[in-house]
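# Tertiary structure, described
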Amino acid sequence: MNIQRFHAPTAREALALARAAFGDATLILSNRQVPTGVEVMAATEEALAPLETPIEAPVAEAAATAEAAPTPVAEDGVQADVEQLAMSTLSFQDYVRERMLRRQHGQPAPAAVPREDRPLPAPRAAVAAPLAVAVPAPIEAPAAPVAAPAAPDTSRVVLDELDSLKRLMEERFNTLAWLGQARQDPIHSNLMLKLVRAGYSPTLARSVLEPIACGIDVGDTVRAVMDALQRMLPIVADAPTIPEEGGVFALIGATGVGKTTTIAKLAAQCARQHGTSSVGLITLDTHRAGAHEQLRAYGRGLGVVAHLAHDRAALQEMLGLLSGKRLVLIDTAGIAPRDLRRRELLDLLDLPAIQRVLVLNAGAHGDTLDDIATAFKPGGTQQAVLTKIDEASKLGPALDVLIRHQFQLRGVGDGQRIPEDWQAPDAEALVRSSMRAAQRSPFDPRTADMDFFFSPAACAV
């Protein structure tokens, strides 16, 4: 589909560009104000022809059916009820409303007879006399709104459906226009594919490439992409490391991400810079076998005692005893994102002096990292560290999660050695490592698959 966007300082110039591209068959889809002037989205009538779906509304048939429907007879008794029951849906609604009104006025509602056992209609003379008695009393005003309230709900549903359809069409047209421009520029097309293969989400890849103008040099385009990712990565330049800053830090996360090893690295760095008396260690992990012994073994190697706290009261008492330490590190049990104990752990750490740091395994799948970040973010978790980047085949998913959830990156672990394999975060090095060409993976998308990545999910159903 040939849909393009045109930018110009004024609407007249944008329309002139569209007409110059498509000629007299130009069809304007939308226009809006942008920081650089006016943006016009245009196409041709031939390009939109496949989207047209003829809809035939059987108006004539419905009108003929309505005219052929018999008018309800105002007769009382079983025969009249059966005649009304054999009519259309609207006549049946009138019959039900009349029965309800009679019941409100104390008149008994006659029982309906099945259609198969319907007797022959009685002569008009026989029912003429009871007719005057069976006429219902005039309907009072308060009883009128009984069957009315369905209209507002129906109109609201229709408006919501139309609004969602409008948003879907706008998103689809914008995506098609952007993809059309990206295909026309091979540099944009290749960079888009490279970002997705590096593990970045299609949404982030599009947000990075959209502001970059088409037609510029390859080197300038690549540098613009790298600079954009570095600016998005939440790393504070020249910020002190955790051992330099000091305070009380609790490391949280899923099982097996390297929380205890990270604590040992941070404690070793602080002990090297400020002495062993400046470090305090506390563990809350009472679930995993040997967890306390592992942290205690790390502490013995540094000359630091590791304390165990079973509950909130014990934790507050330990924090009071270690209040004179420069750095206090709290080790916690690994908990799955959907484990019910996760809420208990977050409540236990909800103390003013404790800063929570989320530990993310850089080698995990992007969906898993996003699930962990979403589960542990509530309650004030704003910092994170990356571990096992030496084991990760792609750093894109981890960096994507940090960017979208805006976790400040405080450190990077790239091995098991203590404390050598711990580095301060470097945005340029991380982005370069994530974009470095690696071996092809069977999970990498192909060029023909990019439409499925960037098209709205609702359009593919």
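See above for the structure.
All figures in this text were calculated on a predicted structure; none of them were measured in a lab.

Of note, the amide linkage connecting Ile-418 to Pro-419 takes the cis form, showing an omega dihedral of -5°. Tracing the sequence through the fold places Pro-419 in the loop between strand S10 (408–413) and strand S11 (422–423). Residue Asp-238 is not a glycine yet carries a positive backbone phi of 60°. Looking at the element boundaries, Asp-238 is found in the loop between helix H10 (218–232) and helix H11 (242–245).

The strand order S6-S5-S7-S4-S8-S9-S10-S11 describes an open sheet built from 8 strands, whose pairing is mixed. Looking along the sheet, the strands with just one partner apiece sit at the ends: strand S6 (306–308) and S11. As paired strands, S10 and S11 are joined by 2 bridges and run antiparallel to one another. Looking at S11, one finds that Gly-413 is bridged to Trp-422. In the packing of helix H12 (residues 259–274) onto the sheet, the strands contacted are strand S4 (247–252), strand S5 (279–283), strand S7 (327–331), strand S8 (354–361), strand S9 (383–387), S10 and S11, and the crossing angle to S7 comes to about 170°.

Summed over all chains, the structure comprises 1 aromatic pair. When the centroid spacing of 6.1 Å and the interplanar angle of 85° are considered together, the rings of Phe-6 and Phe-22 count as edge-to-face. Of the two residues, Phe-6 is situated in strand S1 (residues 4–8) and Phe-22 in helix H1 (residues 11–22); the sequence distance between them amounts to 16 residues. On the accessibility criterion, Phe-6 (10% relative accessible area) is buried. With a relative accessible area of 12%, Phe-22 lands in the buried category. Over the aromatic face of Phe-407 sits the side chain of Lys-377, whose NZ or CZ is 5.8 Å from the ring centroid.

We now examine helix H14 (residues 312–321). Among the residues of H14, those classed as buried are Ala-314, Leu-315, Met-318 and Leu-319. When H14 is viewed along its axis, its buried side chains cluster within an angular range of 140° and face the same direction. Those residues of H14 that are exposed and aimed more than 90 degrees away from the buried face are Ala-313 and Glu-317. Packing partners of the buried residues in H14 comprise S4, S5, S6, S7, helix H15 (341–348) and S8.

This brings us to the pattern of salt bridges. Counted under the stated rule, the structure contains 12 salt bridges. Residues participating in the shared-partner salt-bridge network are Arg-5, Arg-32 and Glu-39.

What follows covers the packing of helix H16 (residues 366–376) against helix H17 (residues 396–405). H17 packs onto H16 with a crossing angle of 30° between their chain directions and a minimal axis gap of 9 Å. With respect to each other, H16 and H17 are oriented roughly parallel. The handedness of the crossing between H16 and H17 comes out as right-handed. Each of Gly-366, Leu-369, Asp-370, Ala-373 and Thr-374 in H16 lies in contact with H17, whose residues at this interface are Pro-397, Ala-398, Val-401, Arg-404 and His-405. Tallied by class, residues from the contact of H16 with H17 come to 5 nonpolar, 3 polar and 2 charged.

Moving on, we get to the pairing of S7. By the criterion of burial, S7 is predominantly enclosed, with 5 of the 5 residues buried. Residues of S7 alternate between two faces, with Leu-327, Leu-329 and Asp-331 on one and Val-328 and Ile-330 on the opposite face, all of them buried. In terms of strand pairing, S4 meets S7 through 5 bridges, oriented parallel. The partner of Leu-251 across the bridge, within S7, is Asp-331. Sheet analysis places S5 next to S7, joined by 5 bridges and oriented parallel. Bridge assignment links Thr-283 to a residue of S7, and that residue is Asp-331.

Turning to its location among the elements, Tyr-298 is positioned in helix H13 (residues 291–302). It is 9.4 Å that separates the C-alpha atoms of Tyr-298 and Lys-265, two residues lying 33 residues apart in sequence. Setting aside chain neighbours within four positions, we find Tyr-298 in contact with Thr-260, Thr-261, Ala-264 and Ile-418.

The subject of this paragraph is a nonpolar patch on the surface. Together, Val-158, Leu-159, Leu-162 and Leu-165 give the surface a local cluster of nonpolar side chains, amounting to about 360 Å² of exposed area. Within the fold, Leu-165 resides in helix H7 (residues 150–184). Look at Leu-165 and you get partly exposed, because its relative accessible area is 43%.

Rules used throughout
Residues numbered from 1 in each chain as written. Predicted model: local features only at pLDDT ≥ 70, side-chain atom pairs only at ≥ 80, totals over all residues. Heavy atoms only, no water. Helix = DSSP H or I, 4+ residues; strand = E, 2+ residues; numbered from the N terminus. Pairing = 2+ DSSP bridges. Contact = heavy atoms within 4.5 Å. Axes fitted to C-alpha atoms, helices over the stretch in contact; angles between N-to-C directions. Phe/Tyr/Trp six-rings, centres within 6.5 Å; stacked < 30°, edge-to-face > 60°. Buried < 20%, exposed > 50% of the residue type's maximum accessible area, 1.4 Å probe, protein only. Lys NZ or Arg CZ within 6 Å of the ring centre and 35° of its normal. Arc of directions from axis to C-beta. Salt bridge = Lys/Arg side-chain N within 4 Å of Asp/Glu carboxyl O. Parallel < 35°, antiparallel > 145°, perpendicular 65-115°, else oblique. Left-handed = near helix turned anticlockwise from the far one by under 90°. Nonpolar A, V, L, I, M, F, W, Y, C, P; charged D, E, K, R; others polar. Patch = residues over 30% accessible without salt bridge, like charges linked within 9 Å, V, L, I, M, F, W, Y side chains within 5 Å. Areas by Shrake-Rupley, 256 points an atom, 1.4 Å probe, with all protein chains shown as cover.

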